There are 2 protein chains.
Amino acid sequence: RYTDQITDNISDKEAAKLLKKQAQRNHGRPLKRDSQVQIKEEHYSKCQGRDNSCYITLLKLGEDWIFLVLLGLVMALVSWGVDYASAKTVQAYKWTYRALHPNVPLQYVVWVAFPLGLILFAASFCHFVSPQAVGSGIPELKTIMRGVVLKEYLTLKAFVAKVVALTAGLGSGMPVGKEGPFVHIASICAVVLSKFMSIFCGVYEQPYYYTDVLTVGCAVGVGCCFGTPLGGVLFSIEVTSTYFAVRNYWRGFFAATFSAFVFRVLAVWNKDAVTITALFRTNFRMDFPFDLQELPAFAIIGICSGFLGAFFVYLNRQVVLGIRRHKALSQFLTKYRLIYPAVITFCIASVTFPHGFGQFMAGEVRLETISTLFDNYTWIKHSGDTQILGKSAAWIHPKVSVFVIILLFFLVKFCMAVIATTMPIPCGGFMPVFVLGAAFGRLIGEIMASLFPNGILFDDILYQILPGGYAVIGAAALTGAVSHTVSTAVICFELTGQISHILPMMVAVILANMVAQSLQPSLYDSIIQVKKLPYLPDLGWNHISKYNIFVEDIMVQDVKFVSSNCKYRDLQAVLQSTTVKSLPLVDSPESMILLGSVERSELQALLQTHLSPERRRLLNREMQQKLNEAPYDGPWANLPKLKHESFAYVDEDEDTEEKGEVRERSGQTAAYRMLGSRQAFEESDSSPFLCQIDAWEQEELNKNVCFDSCRVDPSPFQLVERTSLHKTHTLFSLLGLSHAYVTSMGKLRGVLALEELQKAIEGSTRSGVRLRPPLASFRDINRTSTNTKVGSKSKKSLPLTQSPKENSLLALIPSIDLAPIPL
Amino acid sequence: RYTDQITDNISDKEAAKLLKKQAQRNHGRPLKRDSQVQIKEEHYSKCQGRDNSCYITLLKLGEDWIFLVLLGLVMALVSWGVDYASAKTVQAYKWTYRALHPNVPLQYVVWVAFPLGLILFAASFCHFVSPQAVGSGIPELKTIMRGVVLKEYLTLKAFVAKVVALTAGLGSGMPVGKEGPFVHIASICAVVLSKFMSIFCGVYEQPYYYTDVLTVGCAVGVGCCFGTPLGGVLFSIEVTSTYFAVRNYWRGFFAATFSAFVFRVLAVWNKDAVTITALFRTNFRMDFPFDLQELPAFAIIGICSGFLGAFFVYLNRQVVLGIRRHKALSQFLTKYRLIYPAVITFCIASVTFPHGFGQFMAGEVRLETISTLFDNYTWIKHSGDTQILGKSAAWIHPKVSVFVIILLFFLVKFCMAVIATTMPIPCGGFMPVFVLGAAFGRLIGEIMASLFPNGILFDDILYQILPGGYAVIGAAALTGAVSHTVSTAVICFELTGQISHILPMMVAVILANMVAQSLQPSLYDSIIQVKKLPYLPDLGWNHISKYNIFVEDIMVQDVKFVSSNCKYRDLQAVLQSTTVKSLPLVDSPESMILLGSVERSELQALLQTHLSPERRRLLNREMQQKLNEAPYDGPWANLPKLKHESFAYVDEDEDTEEKGEVRERSGQTAAYRMLGSRQAFEESDSSPFLCQIDAWEQEELNKNVCFDSCRVDPSPFQLVERTSLHKTHTLFSLLGLSHAYVTSMGKLRGVLALEELQKAIEGSTRSGVRLRPPLASFRDINRTSTNTKVGSKSKKSLPLTQSPKENSLLALIPSIDLAPIPL
């Protein structure tokens, strides 16, 4: 019976509350609790009568799986469209280049001008349509998933700008990736689609659902980018979330699989592929893909990739910070926005020109690099006979050794990738790093093949070494190191369609992660730092300190608050003294019992209404009216009038009319008088009149604030003083809190904002007792210096005068407007 | 400066608090806040002096990665050991069977007696060593990860019982799996290891870390079971968690990869495998694994697997419930525990006897079924020529069609698997279902191959159909349907070493999940229901109702509480009226301001101490002493004595000695008098004396309770009335709460226990507005009937008189002691 009762209640309330919400929307401002109850009861009977059938039909249209299928479909089409358009552009590029064959100078002009034009178009398109479309998108999404609102980041405008500019960027053949921007594009798509779906179903409007929608969007973004649903879901989890709701795993899989499926089917339909296969399919032998004795080589790839990945992140950050530090250069580049991408594109295109330096770094296959690197043949064996190698023959130079070619390619490409990802166009770092890793792996593989030209002996059988396998492992390890993820291994399996190297690849990826994580933050965290986005750092492996620090140790005790019995003067003072977005409302300054939280805008509205000229005039008029009435009716006039009113209560209509007339009349006279007096004032001087206003305001400020018309959030998030840092971090991460009040027995004791928590976690990381991976010490020294800088900077602004959300926007806007190269 | 300050504080506090914890442990009962501060300050200087060096060395030994490596190593050894031992047992079994070749009756005896003996050994070993070792282990772990404490579930005893009995069970060749038990074994291993590690490092003792340890344990358990690290981590996430901390993903990967690596290296070392490859490696062609036109067949496999999976779960539950319902049978089986497994084993072994019915279901390859089902050849093509098929030739019967054989195999095996997994031995359902799915997929594949004997025409090329690929997809889909996971696809890739079928497999697994999830709960949830474990159901896809129900709608408003100014009599009344494990402490019954939560045991101790005979005697003695002193010194005696004391404050030692003497003397006299008076009482009658005690107790009960010596938790988890059901569910799931207090402005308004939340969620699932997958209606009808039953049952016990935790134990113990077949 208990259960049944609850169920009945719930279904009724459900419908009633949906209607209530509509009512709320109509009213503009949400209703207060009392009136809500009233409305609920009003609609109660209506709902019962309606039988809910048409309502359910509407809701069915908004079902979740329809949303997921639509999202998958749209993103697959977008992904395929971007690929198709950029591929066609590249074809046209190549065709023009080849058509001018004997004329090398003209070829050079085309080789350079073509990407230059595209990149400049992309940069200016982004700049004019939506500057938010610039960069990877993963760092910003990580911040958004954390609960921070970034303005205009998930709009249709940004979607268009990102898609168009990305297509141009990819078509230019620059070393920029598609993965990061696609995460952004898919997230916008998910948000826009969920808004559209909310016409049918209210659930998409809930704040929690927002995160769910974004999670699925990220998964679809990675999944449809390369047709890797599994790796996509895992990569997006690792990169964007701290806590992950397992139900989103399922939803992500569903949408990403559908998306990847459609993406690959479109390729088949377009005759790009014979059937649904992997994007960079490999054909390694499966009986004996590798020997245990090759493991040290795989481990070396992993460890070196870790160092290289950390170095990549470091360099990438230093390029941006270096330009930002150089004031004059920074200002110059901000003024002439297109110079920076133009110079970079020019350099990169020049270096890769096949008749110039490009011949030493396989410039000819610049756009099919990955498939040649994953090639099944051992290049050093076939360096004489290039027929069998096919396209990979571009790597064989008649005069220079293969090793030198690969090494040169790796080094030049490394610098190119570092610089290219700082251009103000939509660009991801994943693919360039993937190519770098493949080249590095291939280098090690070829070296191994030359060390053991006859293969490795095991159980009396000789097994050849497969340099292509090394390339795959290198690609997974380096991308893993740069992004601090292990799911790059899964992406690699899906991209190559072969899983035979699973164990050595996992070992290499984990080793690369261990090294890279102890040296540098991930590429995305590094961009977050550079852009100064408000992100809560993750807790380390097992910091003992997190369990022994409590909220009371880090909270801000000097809280600005509003008490329910305060005067308007106090309210004004509080509003002037702080800029936080919401203020706690307490019972009285003595008891300090927390009643709720009020938004700043509400309080400002309250104060403004109270001191507004309209109200002043109204009050003035009423006062005048009273004064008017007093001499007119005599001092005893009030008594019979009151009586009259109490009589009139029986038939109201008549009375109000009468009263209205009376008011009107008296109002008119008051107005005349007012006008007269004002004219008189204005004739003499305006200052006494202003004085009077001021006096009136001063008087009004001394009155008690009436919070009746003010919307109070009765359930701000509360912690107690003895909540541990670990628990606090968990709650902040999971619920996306920006601040929480610390209470003790209902009394407000302090406040804890994201900023304090961030500092406490960063601080404790540097404490004496540390449990970090073995190589952490180098990183910590590095971090200390940046930390103190950030600390001293933020110290200037008062610790609590800015809410983290505002802070984020402030931090973001300069990075877009002032920083020359918004990553 | 702000950051630095925090850091200093933190490192000092860290060390100080560790020492404080030691002190706490010594005192037995944790100290109160005031004394904690004192101790902290005392140790402060000591810590500074010690330089922390030896301390850090100790902590280094307890580092996380050492724990992970050790866990991986141990579990790989255990997994390999179990495999090795069971393989040897199976070898001995086969050898004996073949040695008796011509003698069919003797062969039959061996064929039946061998598994019979092993299963009976396993059952009795479990029964005597640790009954908790019975069953899969995943449902219980799901419950434990939810925050519920199951007694003696993670002990070394259970570890030994599970490993030994599992080896015997696997060696018997019964259709029981290794995966579920391995999750349990690995979790025990992780917990025991973490306890061992906590010698070096205190972090392992934290409540949060417990969940982290278990998560990694589960991942390693699945990972080392088949050498599938990726799938292992994902499967364990999907099966055990609701919210997943991404940091554990990394840790799980590390440990599972290491474990799988060692597991496979051991196989190479033992010459079972040439190199590290997949367990059930397939050799499908990779150029064109399947055609798009085959997709409908894959979709059919997916949908049928969904229905079959749901049917499997339904049957499995009905077997247990059916026996439990039959009182007489249930009692009989409980009395003679070994009869049930013996009958089942006998039946299964008899049916599979190769010379009997077994010839129609490939009885000969009973133990290599999977590798034959994943075979590369098309059986119907080679039914005449069995030479080429190798071991798979067992599937070709000279008289009966291959289709009939596979169908028979599937049907009989289905029933066998359903029944075998209810035996009281450690047994998982994953592997049997995997085999079933493979058989089903093979059946569809062979049918397709016979429908298109020449293959499928595409682009003027004929492509043969690969029935083995269908088998792999079927296996993934059916296991996915039974366990409600999608990561079975990943496990399949890793097991077969081929990823070429990724997209059709994902499609099939998702379709199977959609169907199965709408019909039945997962196998693990079903076992949780049957065993009545306290588990919070997951929120559905997007129940709109979750956002529109608030805590105030479901909370229990009639809370039993203790007020800080209450009398011992009230305390006694509260303790007698309720059995909850902890009670809220409020300021006063009028204000109801929540001060904290007190454990029941603390309150009982308080009451007992207050009414204890020792205290009574002490008070009596003191009273007597006062009475003694009064006539001795006269009525003015107190005044000079007080003066003396205030003087004595200067040199205390002297005074205490003196006072001690005085006390001793007066104590002696009091004792004499007491003795005298008691003797007098006892001489006359004992009832007046008892009366006196009673009177004294009644008097004492009227005194105010002194909570000074009582340990109060100052931060019980609090919600406000307007917290939504969705948020509440999130918080309960994430933090593993068993109950939370509902407060409004610091005032206690109600309490919400796991039970209420569970009912609210189940209730709302059945509400009018529902957003479930398309086929959900069938399931909901089914659920309603079970729900009402459970509801009426639990209504008998008062909703709040039992805390969920106690409830869980009560629910578990009968299922182990009374239920004949503890799943």
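Residues numbered from 1 in each chain as written. Chains lettered and ligands numbered in written order. Predicted model: local features only at pLDDT ≥ 70, side-chain atom pairs only at ≥ 80, totals over all residues. Heavy atoms only, no water.

## Here we look at the pairing of strand β5 (residues 582-586) of chain B
Residue and element names in this part refer to chain B. With respect to burial, β5 is a largely interior element, five of its five residues being buried. What you see with β5 is no split at all: Ser582, Pro584 and Val586 on one side and Leu583 and Leu585 on the other are buried throughout. Note that strand β4 (residues 562-563) and β5 share two bridges and pair parallel. Counted as the bridge partner of serine 563 is valine 586 from β5. Summarising the sheet, β5 and strand β6 (residues 594-599) pair through five bridges and their orientation is antiparallel. In the sheet register, serine 582 faces β6, and the bridge partner there is glutamate 599. (Buried < 20%, exposed > 50% of the residue type's maximum accessible area, 1.4 Å probe, protein only. Helix = DSSP H or I, 4+ residues; strand = E, 2+ residues; numbered from the N terminus. Pairing = 2+ DSSP bridges.)

## Some words on the sheet that holds strand β6 (residues 594-599) of chain A
Here four strands make up an open sheet; going across it, the order is β4-β5-β6-β7 (chain A) and the pairing mixed. Each edge of the sheet is formed by a strand with only one pairing partner; in this case those strands are β4 (562-563) and β7 (712-713) of chain A.

## Considerations on the side chain of B:Glu140
Residues and elements named next belong to chain B. Locating glutamate 140 in the fold gives a position in helix α6 (residues 138-145). Classification of glutamate 140 as buried rests on a relative accessible area of 3%. Apart from the residues within four sequence positions on either side, glutamate 140 is in contact with Leu150, Tyr153, Lys531 and Leu533. (Contact = heavy atoms within 4.5 Å.)

## Examining the packing of helix α4 (residues 64-99) of chain A against helix α11 (residues 246-269) of chain A
The angle between the axes and the distance between the axes are what describe a pair of packed helices. Residue and element names in this part refer to chain A. Axis separation between α4 and α11 bottoms out at 8 Å; the angle between their running directions is 40°. The angle between α4 and α11 places the two elements in the oblique class. By crossing handedness, the relation of α4 to α11 is classed as right-handed. Taken together, the residues that form the contact of α4 with α11 break down as 17 nonpolar, three polar and three charged. (Axes fitted to C-alpha atoms, helices over the stretch in contact; angles between N-to-C directions. Parallel < 35°, antiparallel > 145°, perpendicular 65-115°, else oblique. Left-handed = near helix turned anticlockwise from the far one by under 90°. Nonpolar A, V, L, I, M, F, W, Y, C, P; charged D, E, K, R; others polar.)

## Details of the nonpolar core
In terms of nonpolar packing, the biggest core is built from 259 residues, with A:Tyr249 and B:Tyr249 touching the most fellow members. Every residue in contact with B:Tyr249, bar those within four places of it in the chain, is listed here: A:Leu234, A:Glu238, A:Val486, A:Ser487, B:Val233, B:Leu234, B:Ile237 and B:Phe244. (Core = buried A, V, L, I, M, F, W, Y, C linked by side-chain atoms within 4.5 Å.)

## Digging into the confidence of the model for chain A
Residue and element names in this part refer to chain A. Residues of chain A with pLDDT of at least 70 account for 70%, and the chain-wide mean is 73. Scored below 50 in pLDDT, residues 1-51 shows 67 contacts in the model against residues more than four places distant or in partner chains. Contacts for the low-pLDDT stretch residues 633-684, under 50 throughout, to residues beyond four places or in other chains number 23 contacts. (pLDDT = per-residue confidence, 0-100.)

## Some words on the packing of aromatic side chains
Overall, the coordinates contain 42 aromatic pairs over all chains when judged by the stated rule. Here A:Phe374 and A:Phe434 contribute two aromatic rings whose centre-to-centre distance is 6.0 Å and whose plane-to-plane angle is 75°, an arrangement assigned as edge-to-face. Of the two residues, A:Phe374 sits in the loop between α15 (369-373) and α16 (402-420) while A:Phe434 sits in helix α17 (residues 430-451), which places them 60 residues apart along the sequence. Given a relative accessible area of 4%, A:Phe374 falls into the buried group. Note on B:Phe410 and B:Phe414: the rings are 5.8 Å apart at their centroids and 45° apart in plane angle, and the pair reads as tilted. You can see B:Phe410 and its partner B:Phe414 sitting in helix α16 (residues 402-420), four residues apart, about one turn around the helix. In this pair, the class of B:Phe410 matches that of B:Phe414, namely buried. (Phe/Tyr/Trp six-rings, centres within 6.5 Å; stacked < 30°, edge-to-face > 60°.)

## A closer look at the sheet that holds β6(B)
Residues and elements named next belong to chain B. As summarised here, the arrangement of the four strands in space is β4-β5-β6-β7, forming an open sheet in which the pairing is mixed. At either margin of the open sheet sits one strand with a lone partner, and together these are β4 and β7 (712-713). Packed onto the sheet, helix α25 (residues 600-611) meets β4, β5 and β6 and runs at close to 80° relative to β6.

## Quick look at the environment of A:Val320
Mapping A:Val320 onto the fold places it in helix α12 (residues 295-325). Here A:Val320 falls in the buried class, since its relative accessible area comes to 3%.

## Brief notes about helix α21 (residues 523-531) of chain B
Residue and element names in this part refer to chain B. Most of α21 sits out of view: seven of its nine residues are buried. Those residues of α21 that fall on the buried side of the exposure criterion are Leu523, Tyr524, Ser526, Ile527, Ile528, Val530 and Lys531. Positive phi appears at lysine 532, one or two residues downstream of α21, with a value of about 55°.

## Examining helix α7 (residues 156-171) of chain B
All names here are of chain B. Its 16 residues give α7 an end-to-end C-alpha distance of 23 Å, which sits within 8% of 22 Å, the value for a rise of 1.5 Å per residue. Within α7, 12 of the 16 residues are buried, which leaves the element mostly enclosed by the surrounding structure. When we look at burial in α7, the residues that qualify are Ala158, Phe159, Ala161, Lys162, Val163, Ala165, Leu166, Thr167, Ala168, Gly169, Leu170 and Gly171. (Expected span 1.5 Å × (residues − 1).)

## Observations concerning the packing of α16(B) against helix α17 (residues 430-451) of chain B
Residues and elements named next belong to chain B. Closest axis-to-axis distance for the α16/α17 pair is 10 Å, and the angle between their directions is 160°. It follows that α16 is roughly antiparallel to α17 by the angle criterion. Note that α16 runs across α17; the crossing there is left-handed. Every residue of α17 that contacts α16 at Phe403, Ile406, Leu407, Phe409, Phe410, Lys413, Phe414 and Ala417 is listed here: Pro432, Val435, Leu436, Ala439, Phe440, Arg442, Leu443, Glu446, Ile447 and Ser450. Tallied by class, the residues present in the contact of α16 with α17 amount to 14 nonpolar, one polar and three charged.

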